[in-house]
Amino acid sequence: MGAFICTISERDWPISREKGVYGNREKKEGTNEKLKDNQIQSIIRDLISMKEGDIVFFHIRGKQSIHGVYEIRKAPFYDTTNIFENIDEIFPYRFLYKPHTQYTYLAEYDANIDVHSLYEYIDRGEIKSLVTLENEMNIEGRGVRKILMEDANIIINLLHRDFKLRKSSERL
């Protein structure tokens, strides 16, 4: 079993979550210009390692938050049907997902943590597969990243911690 973090815009998150589909772009953001071959190959390389049942979290760009816990219900595929509300961008490199069967309540509540919550774990060397999400300087601009299961478990624990805090403050 694998684990992944996928980056998505604040605008596209509600649609993706409702439909249970995630897509990667094939054009440069805000343009009609296609991505370079090495960028497309990077997208395909990241997606091809995903399997049904793998854990997936979503990094919401703009909010700088991590949402989850979900699982892949259909391995990645290519589809040009426009499902997002952006007529200029199709996001054809896709996979289907659903709330993880063990953590349905977290997904239904849209449990999330701030990205900065991960920094203390990164600084202590407890999270090894992420350096930073919000300041991605990688020329490939990866939307999907494979992470270690140990790191996924830390994220799940943090989601539980914040979920419990939020639920208890709602009762007050």
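What you see is a predicted model; the values in this text were computed from it and never measured.

Turning next to the nonpolar core. Membership of the largest hydrophobic core comes to 24 residues, with the highest contact counts inside it found for Phe57, Ile66, Val69, Leu118, Ile147, Ile155 and Leu159. Among the elements that line this core, the one with the most residues is helix H5 (residues 149-171), at 7 residues. Beyond its immediate chain neighbours, meaning those up to four positions away, Leu159 contacts Phe57, Ile66, Gly68, Val69, Leu106, Ala111, Asn112 and Ile113.

Let us look at the pattern of salt bridges. For the structure shown, the criterion picks out 9 salt bridges. Arg45 is paired through a salt bridge with Asp46; the nearest N and O atoms lie 3.7 Å apart. With a relative accessible area of 8%, Asp46 lands in the buried category. Residue Arg124 pairs with Glu126 through a salt bridge whose shortest N-O separation is 2.6 Å. Each of Glu120, Arg124 and Glu126 takes part in a single network of salt bridges with overlapping partners.

Next up on the list: helix H2 (residues 37-48). Compared with the 16 Å implied by 1.5 Å per residue over 12 residues, the 16 Å span of H2 between its first and last C-alpha is a close match. Of the positions making up H2, those classed as buried are Gln39, Ile40, Ser42, Ile43, Asp46 and Leu47. Each buried residue of H2 sits inside an arc of 155° when the element is viewed along its axis, so together they form one side. Exposed residues pointing more than 90 degrees away from the buried face of H2 are listed as Asp37, Gln41 and Ile48.

Here the focus is the confidence of the model for the chain. Per-chain confidence: the chain averages 86 in pLDDT, with 88% of residues scoring 70 or above. Taking the mean pLDDT of every element in the chain, the minimum, 84, falls on H5 and the maximum, 96, on strand E5 (residues 93-99).

The two faces of a sheet get side chains in turn, since along a regular strand they alternate between them. Within strand E1 (residues 3-9), 7 of the 7 residues are buried, which leaves the element mostly enclosed by the surrounding structure. Covered by surrounding structure in E1 are Ala3, Ile5, Thr7 and Ser9 together with Phe4, Cys6 and Ile8, the residues of both alternating faces. Note: E1 against strand E3 (residues 55-61), 7 bridges, orientation parallel. Following the sheet pairing, Ile5 is matched in E3 by Phe57.

For Ala3, the location among the structural elements is in strand E1. Owing to a relative accessible area of 0%, Ala3 belongs among the buried residues under this scheme. Taking the C-alpha atoms as reference, Ala3 lies 8.3 Å from Met50; in sequence the two are 47 residues apart. For Ala3, the contacting residues outside a window of four places in its chain are Ile55, Arg145, Lys146, Ile147, Met149 and Ala152.

Rules used in this analysis
Residues numbered from 1 in each chain as written. Predicted model: local features only at pLDDT ≥ 70, side-chain atom pairs only at ≥ 80, totals over all residues. Heavy atoms only, no water. Core = buried A, V, L, I, M, F, W, Y, C linked by side-chain atoms within 4.5 Å. Buried < 20%, exposed > 50% of the residue type's maximum accessible area, 1.4 Å probe, protein only. Helix = DSSP H or I, 4+ residues; strand = E, 2+ residues; numbered from the N terminus. Contact = heavy atoms within 4.5 Å. Salt bridge = Lys/Arg side-chain N within 4 Å of Asp/Glu carboxyl O. Expected span 1.5 Å × (residues − 1). Arc of directions from axis to C-beta. pLDDT = per-residue confidence, 0-100. Pairing = 2+ DSSP bridges.

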